[in-house]
Amino acid sequence: MADLIFDHIENGAVVTDADGYILYFNRPYAKFLGIEGEDAIGRHVTEILASSRMHIVAKTGKAEINEIFTAKGHDMVVQRIPIFENGKVVAVFGQLMFKEVGDVGRLARNLSVLESKLKLYEKELTSLRAARYSFDSIYGSSPALLALKEEARKAALTDLPVLLTGESGTGKELFAQAIHQSSPRRRGPSININCAAIPKELFESELFGYAGGAFTGASSGGKPGKFELADGGTLFLDEIGEMPLDLQPKLLRVLEEKVFERVGGNQVIRSDFRIIAATNRDLAEMVRQKEFREDLFYRLNVVSLNIPPLRERKGDIVSLARHLLDKIAGNHPGSHYRLTEAAERVLANYHWPGNIRELLNVLERTVFTIEGDSIDACDLPFYLSRPVAVRARGTQWSLQEVVAEAEREALRNALKVSGNNKARAAKLLGIHRTVLYKKMSRYKIPLN
Ligand SMILES: Nc1ncnc2c1ncn2[C@@H]1O[C@H](COP(=O)(O)OP(=O)(O)OP(=O)(O)O)[C@@H](O)[C@H]1O
């Protein structure tokens, strides 16, 4: 068996006794030197490899690792390891690590290229992240938003947990990223976990990871969880209100002690992370309803930042819209989208239940349908201009409104596809040209 293993060592390997007489000589080594392996057994190692130092290592008892060794005209890299029994060298194991010294140089060069590439990517990633997620990329000049940014900037300099609250689409994730990017942990990882997106049964292993063989199907090396990955950085727990109640005590313990074990593992893991949590739910009310643990709530709610909805900072709507249009234009080279005053009025008066995400969505869709760069009120979705009284009924639309919106959209698409040729657009729609003109006038679609 030992012979078999020995012959399967990829590179040459040899074992001598304490006096330098060969006990084993594997096939790859024999092949490499062009001799018969069996012939070498029992002979002194210097007879086969004149400058061998195996017998010297047997005397010194000191391993020689990655030494250059010349044999048969080759400069090779070898290692020689003394084997001890009861404190005495009984054998020496020698192994060829690289058949050519040049291989080592090449490997080292490759490694150093890889290392510098890695450094370059790290730098690029940091600057990309900084450009995308700094406080400067949070737009708006309303006093409420400016005050909030100031508080968030201060919080970034500390290691305190932050709880971000606000309606969906107000920019909670953007704030979390900006805090990380402005914190001393900016070079560390920024790990996100959306608590609403994880099935309950996978929650624990997502957060804490699992040990190898922890359950059927688990990968053999195990897998680190988000807490482990966030070591040295920030862990962003989005939609924390969706955290299963029975897991909350465990989460609290980790937040307090910063140590945990992987699922199915027994090794204690320490991780140095900073927590930022976000929710669009009223956590205090959830605590009162016993749907969220009070102790965890207090642990998370150390620095509390509430992002007001867009309709409560009307001053931000138009400037945000302009900024988002510039961003959209970045994907359409040569364009510079502008809003007419009427369009600005429509945007400013709408109540934006989906906040900035909805604004972005509306602008993206509008840009897709317009000809040219100017966005007028009639280019915006019909529902934005509905009177407040109608909107107050909630999201339920009357059939008439739905039909009108669909008609308007169909008209605009047909005009776009036909290059604003009315006759062709009418034909596409299957209506008479005069009907098209009438409907265009009703929906305030400009003639050209
Ligand atoms: N002040 C802002 N300036 C520029 N872009 C913003 C601003 N606030 C939000 N956005 C953009 O709006 C979109 C929604 O923001 P984000 O995902 O941060 O919201 P959220 O509050 O985390 O939403 P949810 O609660 O639904 O997860 C993103 O594309 C984000 O870049």
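Residues numbered from 1 in each chain as written. Predicted model: local features only at pLDDT ≥ 70, side-chain atom pairs only at ≥ 80, totals over all residues.

Caption draft 1: Highlighting the sheet that holds strand β13 (residues 274-279). If you trace the five strands from one edge of the open sheet to the other, you get β7-β10-β13-β6-β14, paired in parallel fashion. Both edges of this open sheet fall to β7 (190-194) and β14 (303-306), since each of them pairs with a single strand only. Strand-to-strand twist across the sheet, computed as the mean angle between neighbouring axes with direction ignored, equals 15 degrees. Here four bridges tie strand β6 (residues 162-165) to β14, and the two strands are oriented parallel to one another. Following the sheet pairing, L164 is matched in β14 by L305. Strand contacts of helix α8 (residues 172-181): β6, β7, β10 (234-238), β13 and β14, with the helix running at about 165 degrees to β13, the strand carrying the most contacts. (Pairing = 2+ DSSP bridges. Helix = DSSP H or I, 4+ residues; strand = E, 2+ residues; numbered from the N terminus. Axes fitted to C-alpha atoms, helices over the stretch in contact; angles between N-to-C directions. Contact = placed C-beta atoms within 7 Å.)

Caption draft 2: A look at the environment of M440. Residue position: M440 is located in helix α20 (residues 433-442). Taking the C-alpha atoms as reference, M440 lies 7.6 Å from L411; in sequence the two are 29 residues apart. Excluding residues that lie within four positions of it along the chain, M440 makes contacts with L411, I445 and L447.

Caption draft 3: Main features of the site of the ligand. In the neighbourhood of the ligand, 17 residues make up the surrounding shell, with Y139, S168, G171, K172 and E173 lying closest. Elements with a minimum of two residues in the shell around the ligand: α8 and α16 (355-369). Looking at side-chain class alone, the shell around the ligand contains six nonpolar, seven polar and four charged residues. Both of domain 2 (134-306) and domain 3 (311-395) provide at least three residues apiece to the shell around the ligand. (Near = placed C-beta within 6 Å. Nonpolar A, V, L, I, M, F, W, Y, C, P; charged D, E, K, R; others polar. Domains from an automatic or database assignment.)

Caption draft 4: Focus on the packing of helix α7 (residues 143-156) against α8. At a closest axis distance of 8 Å, the pairing of α7 and α8 adopts a crossing angle of 45 degrees. Classified by the angle their axes make, α7 and α8 are oblique. The crossing of α7 and α8 is right-handed. Contacts between α7 and α8 involve A152, A155 and A156 from the first element and F175, A178 and I179 from the second. Classifying every residue of the contact of α7 with α8 by side-chain character gives six nonpolar, no polar and no charged. (Parallel < 35°, antiparallel > 145°, perpendicular 65-115°, else oblique. Left-handed = near helix turned anticlockwise from the far one by under 90°.)

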